[in-house]
Structures are given as C-alpha cells and as structure tokens.
There are 2 protein chains.
Amino acid sequence: MANGVRDQVLEDSRADILRAAAACFMERGYAATSIDDVARRLGATKGRIYHHFHSKTDLFAEVFRMGMDLNYEAVEPFVHREGPALPRWRSMAMAHVMQMILTKPFQRAVWIGVEMHLRGATTPEQRDVFNKLIAYRSDYGRLFRATLLQGRDEGVFDFDDLSITNQLMFMTLNSPIFWYTERPGETRADTEAVAGQVVDYALGGLMGTREAEG
Amino acid sequence: MANGVRDQVLEDSRADILRAAAACFMERGYAATSIDDVARRLGATKGRIYHHFHSKTDLFAEVFRMGMDLNYEAVEPFVHREGPALPRWRSMAMAHVMQMILTKPFQRAVWIGVEMHLRGATTPEQRDVFNKLIAYRSDYGRLFRATLLQGRDEGVFDFDDLSITNQLMFMTLNSPIFWYTERPGETRADTEAVAGQVVDYALGGLMGTREAEG
DNA sequence: TGATGAACATACTACCGGGTATGTTGTCAA
DNA sequence: TTGACAACATACCCGGTAGTATGTTCATCA
C-alpha cells in the first residue's frame, strides 16, 4: 500500500499514452496510425506502449472505453430525473454535445470503432473485444431512447421510426467531433453557445416540421 | 471513329474498377484497402488497375469525383428554380438524400476524402489533387447555402450561425451513408419514405424549436 | 499477313509496420 | 548492499503492400 505514488505514476503514463493514441487515431484513422506514430508523439518508442498494451487493437479498445466512460459520467446524472421528457432530454443532449467537444479525440475514436464494427472490418480476435465495446455503446444509446419515447407520448416530440430518428439525433449530436475546432481565447460560455445550437437543431428535428408545407 | 465499341468496353472496364474500388473503400476505409483487394473483388490482378490508374490516390480521386458528379447531376435541375425557398430546398434535399442511399459506396468515398483532407492526412503530391476535389465539394455545398439564406429571409428557416447550420444539415442529409441498408424487396417508394424522414428531420432542425420551452 | 499496341497477368523489389526478443536503467524491499 | 522487478529502449523478424518491370494475348489496321 506504500506504493500509491508508483501506481499514480503508472496511471499517468498509461493515461499519457491513451491521450496520444486518441490524438493519432483522430488525425489519421485507425489503419493509418502506427504504434511508432503514437510513440513518436510521446517522445518514446514502441517498447513503452507494448509494455502497457498487448496490441494495437487493445490500445484502441482502451481509448474507446475511455471515451464511453467520459460520456456516461457526463450524462448519467440526468438520466433518472423524474418529470417531463423535454428538460431531461435537453440536459442529457447538452452534456453529450459538450463531451463531444471537450474530449473530441476520444469521441472520434469511438466513432471509428463503431464504423469498423459496422463494416465488419475486424479480425476474429478483435471480434469479441469489439462486441463488448459496441454493447457498451448501445447501452449508452438506450439512455436516450426511453426519453425519446416518453417525449413522443407527451406530444412534444413527433417522429415516425424510432430507430431512424435515434440515428439522426445522434448523428446531429455527435457531429461536432468532425467540424468543431476551438477558437483562440474561447470561453466556456462560447463553447456552450455552440453546443446549444447543436442541441436546438436536434430538438427541431425531433419536434418535426409541424404545420409547415413544402 | 469505328472504335466506338472499343471505347465503350474501355469505359465499362474502368467503371467496373471504380465500382469495386468504391465498395472496398466503403468496407475498409482508404488506408486498409489494398489495390489487391480491389483486384480480387474483380477477379483480376493489380495489372488491370494500374493500367487504368496511376496510383492508389488517383483511383480514389476518381471514385470521389464520380460520387460528386452523381450528386450534381441529381440536384442541379432544382437549383435554379424560381420561387420560395422551402419547396426548392425540399426538392434538393430529397434528391441529395436519395443519392446518398442509391450510390452509397461512392458517397462514403466522398466522406472519407473530406475526412482525410480535414485531417491533413495527405502527402504533398496528394495535396493539389485533394484540394481540387474539396473545392468541387465546396461548390456543391454552396448550392444549398443560397437557399438556406433565402429561407431565413422568408422566415421559414430559423437559425443562428450559417456555417454551423450548414454542417448540421449536411450531417443529417448525409447520414444514410452510415446507417442505411437496403431491405429485401424494398421498393422505390419504401426508399423514398426513408429519405422523406431524413428530409423532415433536417427541415425541423432548420425551422428551429419555435415556441418550445426546455 | 504481319506488325502494332491495348489490355491485361506475372514476377519482382523495396519498404513499412505489428509484434517479439532481448538489453538497460532506476527503484524499492529485505 | 543486493537482488528482483517495473519501465522502458534497442534490435530484429516477417508478412503485407504500393509500385514497377516484364511477359502474354488478342484485336485491329496498314
């Protein structure tokens, strides 16, 4: 128990690797990122990375998991709030979008992982690792589904196919991972304003077109 | 001029390669797709591909261009229609979404290309090739911007930042390239129903949340 | 009919990247 | 003090891949 400091150093080293890996995966994608790239970014060599992670797949999986952990942590406080759907949905959506912005590299890795799974571009060994990650991610998605359904029952949301709507909503809420870049001198309020626009757009989509005629 | 048949055969062969390449890029991404993969899918060898394309980058660029050509072809007829913004926007959006669905492999390649450009994950030689492709894509984006602004002036659209809204709209309209899969026995009407939901969601986002309170 | 070239296939090279096997160094515990 | 182990670095192997160099076949045309 006297080696609490050692454990902390260990965790710091691991965390540094995860951050560097997330950045690399974001910048070049999974396949185009080499272990040497990650090591170079740290001013280290492959040895350090393979000392902490079994394989490239394992490293990527841990980045993915970290991203999802961050999401859960941010959104979960709002999930079990009683009351009408709309304010709860707004809180969850806002927390989600802020996470997309603030932890972008990890969230991009999550996206890449989902894409790889959808494409089936995984080897048999990767299979079960990925299946667990995707299951994790699906659980997270379910947090929103209940609120979506409640909102439709309450008449505040208006949509046809839940599955498609869920896809569209997440596509909107996730989209900052692709186009958001921090402005120099940007404050928390600025960031929240951007996130607010994203949430409003998503909400508009969920509410439907109403009386509009095209 | 007697070799019209020959030219046709040539174009068919090229087109076959492009289709196979688009499918491979969609399934595995750019980096993870090898020229041998594309050749295997055609029951051919690298020789055939390198006979028609200088490099992997060149092949990818042509797939990208083909995808954008298809989009222009589908949307352009509606762009210059006079009258209010909403019906024109709806026609353009619908045409766009249908293209996303019907030519998904090519559209995924376009997406991949944009991502690669954003990440700057391109070698100097690729630079100018990609810059032209991205410029092509940006022109296409501009087709929608005018209508968005007109719609806001007319009061039918309600959004704050044009740039962000444009991103969100395209993210929505493009999203079927990720989650759409053809159902067995699906008719044209079925497909259009799916596309319609996408367009409606996007329209809701553009119209804003109106009188809703969160 | 023979020559020419398009449209490929085959064979090869050079390099890169995942993974491993083997040092090296500092730290802590007994 | 020493031995053991964590935390790396170094050196190496090997499979895969972009690109090339060189056949081979067949249609067309002079």
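The rules behind the values
- Residues numbered from 1 in each chain as written.
- Chains lettered and ligands numbered in written order.
- Predicted model: local features only at pLDDT ≥ 70, side-chain atom pairs only at ≥ 80, totals over all residues.
- Heavy atoms only, no water.
- Near = heavy atom within 4 Å.
- Polar contact = N/O pair within 3.5 Å; in protein donor to acceptor, adjacent residues only side chain to side chain.
- Helix = DSSP H or I, 4+ residues; strand = E, 2+ residues; numbered from the N terminus.
- Nonpolar A, V, L, I, M, F, W, Y, C, P; charged D, E, K, R; others polar.
- Axes fitted to C-alpha atoms, helices over the stretch in contact; angles between N-to-C directions.
- Left-handed = near helix turned anticlockwise from the far one by under 90°.
- Contact = heavy atoms within 4.5 Å.
- Salt bridge = Lys/Arg side-chain N within 4 Å of Asp/Glu carboxyl O.
- Buried < 20%, exposed > 50% of the residue type's maximum accessible area, 1.4 Å probe, protein only.
- Parallel < 35°, antiparallel > 145°, perpendicular 65-115°, else oblique.
- Domains from an automatic or database assignment.
- Buried area = accessible area lost by both parts, 1.4 Å probe.
- Least-squares fit on C-alpha atoms with pLDDT ≥ 70 in both.

Turning to the protein's contact with DNA strand C, a few remarks are in order. Of all residues adjacent to DNA strand C, which total 17 residues, the nearest are I35 and K46 of chain A together with S13, T45 and R48 of chain B. Side-chain polar atom of Y50 of chain A to a phosphate oxygen of DNA strand C: 3.1 Å apart, as the coordinates give it. If you list the elements that add at least two residues to the surface near DNA strand C, you get α3 (46-52) of chain A together with α1 (4-28) and α3 (46-52) of chain B. The element best represented in the surface near DNA strand C is α3 of chain B, accounting for 4 residues. Across the surface near DNA strand C, the residue classes break down as 4 nonpolar, 8 polar and 5 charged.

Residues and elements named next belong to chain A. Between helix α4 (residues 56-79) and helix α6 (residues 104-118), the least distance of the axes is 8 Å, while the angle of their chain directions is 115°. With respect to the hand of their crossing, α4 and α6 are arranged in left-handed fashion. Two secondary-structure elements touch here, α4 through F60, V63, F64, M66, G67, M68, L70 and N71 and α6 through F106, Q107, A109, V110, I112, G113 and V114. Grouping the amino acids of the contact of α4 with α6 by side-chain chemistry returns 11 nonpolar, 4 polar and no charged.

Now for the protein's contact with DNA strand D. Taken together, 17 residues lie around DNA strand D, and S13, T45 and R48 of chain A together with I35 and K46 of chain B are the ones closest in. Sugar plus phosphate: this is where 63% of the atoms of DNA strand D within 4 Å of the protein reside. A distance of 3.3 Å separates a phosphate oxygen of DNA strand D from a polar backbone atom of T33 of chain B. Listed by contribution, the elements that provide at least two residues to the surface near DNA strand D are α1 (4-32) and α3 of chain A together with α3 of chain B. It is α3 of chain A that contributes the most residues to the surface near DNA strand D, 4 residues altogether. Looking at the surface near DNA strand D residue by residue, the class counts come to 4 nonpolar, 8 polar and 5 charged.

On to the interface of chain A and chain B. Residue-level contacts link 44 residues of chain A with 44 residues of chain B. In this structure, the connection of chain A to chain B is made through 2 salt bridges. Among the salt bridges present, the one from R108 of chain A reaches E115 of chain B, with a minimum N-O distance of 3.5 Å. For the pair chain A and chain B, the interface holds 10 residue pairs in polar contact (both at pLDDT 80 or more). Elements with a contribution of two residues or more to the side of chain A that touches chain B: α1, α5 (85-102), α6, α8 (162-174), α9 (176-179) and α10 (188-207) of chain A. Considering every element that reaches the side of chain A that touches chain B, the biggest residue donor is α10 of chain A, with 11 residues. For the side of chain A that touches chain B, the per-class residue count stands at 22 nonpolar, 10 polar and 12 charged.

Our focus in this paragraph is the environment of D200 of chain A. Residues and elements named next belong to chain A. Residue placement: D200 occurs in helix α10. Here D200 falls in the partly exposed class, since its relative accessible area comes to 32%. Between the C-alpha atom of D200 and that of M94, which follows or precedes it by 106 residues, the distance is 9.6 Å.

Residues and elements named next belong to chain A. Helix α7 (residues 124-153) packs onto α4 with a crossing angle of 15° between their chain directions and a minimal axis gap of 10 Å. By the angle between their axes, α4 is roughly parallel relative to α7. Relative to α7, α4 is oriented so that their crossing is left-handed. Here α4 contributes T57, F60, A61, F64, R65, M68, D69, N71, Y72, V75 and V79 to the contact with α7, which in turn contributes Q126, V129, F130, L133, Y136, R137, D139, Y140, L143 and F144.

What follows is about the domain arrangement of chain A. Residues and elements named next belong to chain A. Under the domain assignment, chain A is made up of domain 1 (1-53) and domain 2 (55-207). Relative to domain 2, the C-alpha centre of domain 1 lies at a distance of 25 Å. At the junction of the two partners, domain 1 supplies 17 residues and domain 2 supplies 16 residues. In this assembly, domain 1 packs against domain 2 so that about 1500 Å² is buried in total across both faces, 78% of it on carbon and sulfur atoms. Taken together, the links from domain 1 to domain 2 amount to 1 salt bridge. The tally of links between domain 1 and domain 2 comes to 5 residue pairs in polar contact (both at pLDDT 80 or more). At the level of secondary structure, the elements contributing two or more residues to the side of domain 1 that touches domain 2 comprise α1 and α3. Of the residues in the side of domain 1 that touches domain 2, the class split is 13 nonpolar, 2 polar and 2 charged.

Let us now look at the relation of the copies chain A and chain B. Between the two copies of the chain lies a rotation about an axis combined with a shift along it. Superposing chain A onto chain B takes a rotation of 180° plus a shift of 0.0 Å along the axis, which leaves an RMSD of 0.0 Å. Both copies are brought into coincidence by an operation consistent with a two-fold rotation axis. Same-surface contact between copies: 100% of interface residues of chain A are shared with the interface of chain B.

A few words on the pattern of salt bridges. All names here are of chain A. Applying the stated criterion across every chain, the model contains 20 salt bridges over all chains. A salt bridge links D200 to R90, with the nearest nitrogen and oxygen atoms 3.2 Å apart. One end of the pair, D200, is in helix α10; the other, R90, is in helix α5, and 110 residues separate them in sequence. For R90, a relative accessible area of 22% translates into the label partly exposed. Between R119 and E115 there is a salt bridge, with the nearest N and O atoms lying 3.9 Å from each other. Judged by relative accessible area, E115 falls into the buried class, the value being 9%. Each of R28, D37 and R40 takes part in a single network of salt bridges with overlapping partners.

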